[in-house]
Structures are given as structure tokens and as C-alpha cells.
Amino acid sequence: MYQLTVSVNERYADWLYSIEDIMKNKLESCSAVAAVDRLGKRYYCCFGCEDNSRDLMIDAVKECLVEMYAVVIKFDFIKRNLNINLSELRYEMLLHTLVAFDRENEHKLLRKKLTVTDGMALDGVFDFMLGELKERWLEICNLTKVNGMYLHDDETYNELLRFLISAVNPKINKLTVYEDGGKYRLRGTLKNDKLDIGSLDFAELMYCLIDLAPLELIIAGGISNKEVSGRLIGIFDAKTSDKVENKSKK
């Protein structure tokens with residue numbers, strides 16, 4: 001049996017819990033398990049697997065940590081350093097977009113920087129090994145604050161998010177969006193699997209689209225809410241289609 005343990009200060013326990021689902025999926029693929037425990041002011045996550053799965057588990061843990069630093073911690077860092085007066089939804093959409101911006105290069109950098117070892121302190125790695133990333137994130141925050149006055153204008157705001165998303169490697173080529181009982185539904189094909197996400201409100205719809213960064217977005221059957229359709233067209237260059245897919249599937 002091979003085991004390794006990572007830890008984090010209690011202030012950052014959410015770092016571990018935020019990647020539970022990702023961790024579960026990746027560890028299942030190499031028949032590994034994980035358990036979290038608290039000792040004093042630190043949380044410890046212990047991973048274990050059979051000896052012949054050691055390298056697979058280390059790779060899986062590394063990918064989980066890459067996702068944690070590149071998404072969860074980046075989001076928290078930008079939120080702490082981006083004090084800008086915007087409406088809640090506009091601010092949250094901006095945050096999600098800034099987190100997605102340049103994610104491929106940041107993932108590559110993190111894979112080079114991170115070496116998974118037994119006893120690894122996740123907060124220590126962030127404090128002392130990821131200075132280059134923190135400088136980039138702080139620069140993004142400062143540039144955004146300098147131009148904050150322009151973000152109250154819908155057209156300028158949409159153009160900024162559109163520019164930032166254009167630098168995001170898309171997770172999907174084509175998506176279709178349509179209204180469904182007062183909510184929104186997204187359908188497409190992701191890595192040969194059908195993607196079908198329903199019952200989304202406006203905010204959830206935008207967060208999904210920012211994360212997926214589709215190359216092509218189709219509005220099927222029209223969107224009655226002008227703010228929603230304006231965002232979809234202004235940020236994602238969405239095209240409209242009269243054809244409405246069968247939307248009864250839940």
C-alpha cells in the first residue's frame with residue numbers, strides 16, 4: 001500500500017473541499033482513495049493506493065491540485081484584490097472570465113512547478129513557489145481597476161469579456177442555448193459525449209458559457225429576455241436560429 005499526505009492551514013480548508021468531486025473522479029480511475037482529517041490548526045488529506053498504482057495516483061493528485069490552484073485559489077486571489085464597483089452579476093461574470101483567461105498557460109506552468117510529495121503543505125506552495133502566477137494575477141487586477149470606469153457601459157463591458165474569452169482554449173466547439181420553462185438549457189457534444197445542462201438561471205448560464213468558451217453559440221428559438229440575449233450576442237457572438245430542438249428531455 002502506498003500513501004501520501006498533503007495539508008493546509010484551517011483557514012484554507014475550503015481549498016480541499018472545493019475539489020472533492022474532481023478528486024473523487026480522478027482517484028476512482030486509478031483505484032485510489034482519500035480521507036480528510038483535522039489535527040490542530042491544519043487539515044490533512046491522505047491518499048492511498050496499491051503499490052502498482054503509485055505513479056497513476058500521484059499524477060491524479062497533481063491534476064487535482066493544478067485545478068485547485070488555477071481555479072479555486074485564483075478566484076479567491078482575484079476577488080480579494082479586485083475592488084471595483086459593479087453590480088453583483090456583472091462583477092461575478094468578470095471574476096469568472098478573469099479566472100478562465102489564460103488558463104491553458106497557467107495549467108502548464110503549474111504542472112512544471114508542482115511536485116507532489118508526502119507532507120506537502122498546499123498553503124506553503126502557494127506562498128513561496130507560485131510568485132510568478134501571483135504577479136500575473138495582480139497585474140490583471142490592476143489593469144482591470146484602471147479601466148474600471150468603462151465597465152459600466154454594456155458595450156464596453158461585453159467587448160472586454162469577449163476579448164478575454166477569445167484567449168481561452170475552448171472546451172467545446174458548438175453549443176445550442178434556448179429557453180426552457182423560464183430557465184435556460186445548453187446542449188452540445190463534449191469529447192464525444194452529449195452535453196445537456198438544463199434548469200439554468202441567467203447567472204448559471206453565463207458561468208457555464210464562460211467556462212466552456214464555445215467556438216460557436218446558437219440561440220435556438222430566440223430568448224425573450226433582452227438582457228440575456230444581449231449578453232449572449234455581445235460576449236459570445238451568438239447566432240440565432242428558428243429551429244428549436246426537442247427540449248422535453250430532462
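Please refer to the structure placed before this passage.
Remember, predicted model here, so these are calculated numbers, not experimental data.

Asker: Break down the packing of helix α9 (residues 202-212) against helix α10 (residues 226-236) for me, with residues and values.
Answerer: Contact pair α9 / α10: the axes reach a minimum separation of 11 Å and the direction vectors enclose 10 degrees. Taken together, the axis directions place α9 and α10 in an arrangement best described as roughly parallel. From α9, F202, L205, M206, L209 and I210 reach across to α10, where they touch E227, V228, R231, L232, I235 and F236. When its residues are assigned to classes, the contact of α9 with α10 shows nine nonpolar, no polar and two charged.

Asker: Describe unusual backbone geometry, with residues and values.
Answerer: A positive phi angle, near 65 degrees, is found at D102, a position not held by glycine. Topologically, D102 is positioned in the loop between α4 (88-100) and α5 (103-113). One non-glycine residue, S199, lies in the positive phi region at around 55 degrees.

Asker: Please give an account of the nonpolar core that cites residues and values.
Answerer: Formed by 43 residues in total, the largest nonpolar core has its most connected members in L82, L205, L232 and F236. Counting residues in hydrophobic clusters, the runner-up holds 40 residues, among them L16, C45, M68 and L109.

Asker: Which residues make up the packing of aromatic side chains, and what values go with them?
Answerer: Any pair of aromatic rings gets described here by the distance separating the centres and the angle formed by the planes. Following the criterion strictly, the structure yields five aromatic pairs and no others. Taking the centre distance of 5.9 Å and the plane angle of 75 degrees together, the rings of W15 and F126 count as edge-to-face. A residue pair is termed long-range when its members are at least 10 positions apart, and W15 in helix α1 (residues 13-17) and F126 in helix α6 (residues 122-129) qualify at 111 residues. An aromatic cluster is built from Y12, W15, F77, F126 and W137, whose rings are joined through pairwise contacts. Across the ring face of Y2, the terminal group of R54 is positioned such that the distance to the ring centre comes to 4.8 Å.

Basis of the calculations
Residues numbered from 1 in each chain as written. Predicted model: local features only at pLDDT ≥ 70, side-chain atom pairs only at ≥ 80, totals over all residues. Heavy atoms only, no water. Axes fitted to C-alpha atoms, helices over the stretch in contact; angles between N-to-C directions. Helix = DSSP H or I, 4+ residues; strand = E, 2+ residues; numbered from the N terminus. Parallel < 35°, antiparallel > 145°, perpendicular 65-115°, else oblique. Contact = heavy atoms within 4.5 Å. Nonpolar A, V, L, I, M, F, W, Y, C, P; charged D, E, K, R; others polar. Core = buried A, V, L, I, M, F, W, Y, C linked by side-chain atoms within 4.5 Å. Buried < 20%, exposed > 50% of the residue type's maximum accessible area, 1.4 Å probe, protein only. Phe/Tyr/Trp six-rings, centres within 6.5 Å; stacked < 30°, edge-to-face > 60°. Lys NZ or Arg CZ within 6 Å of the ring centre and 35° of its normal.

Geometry only, nothing functional implied.
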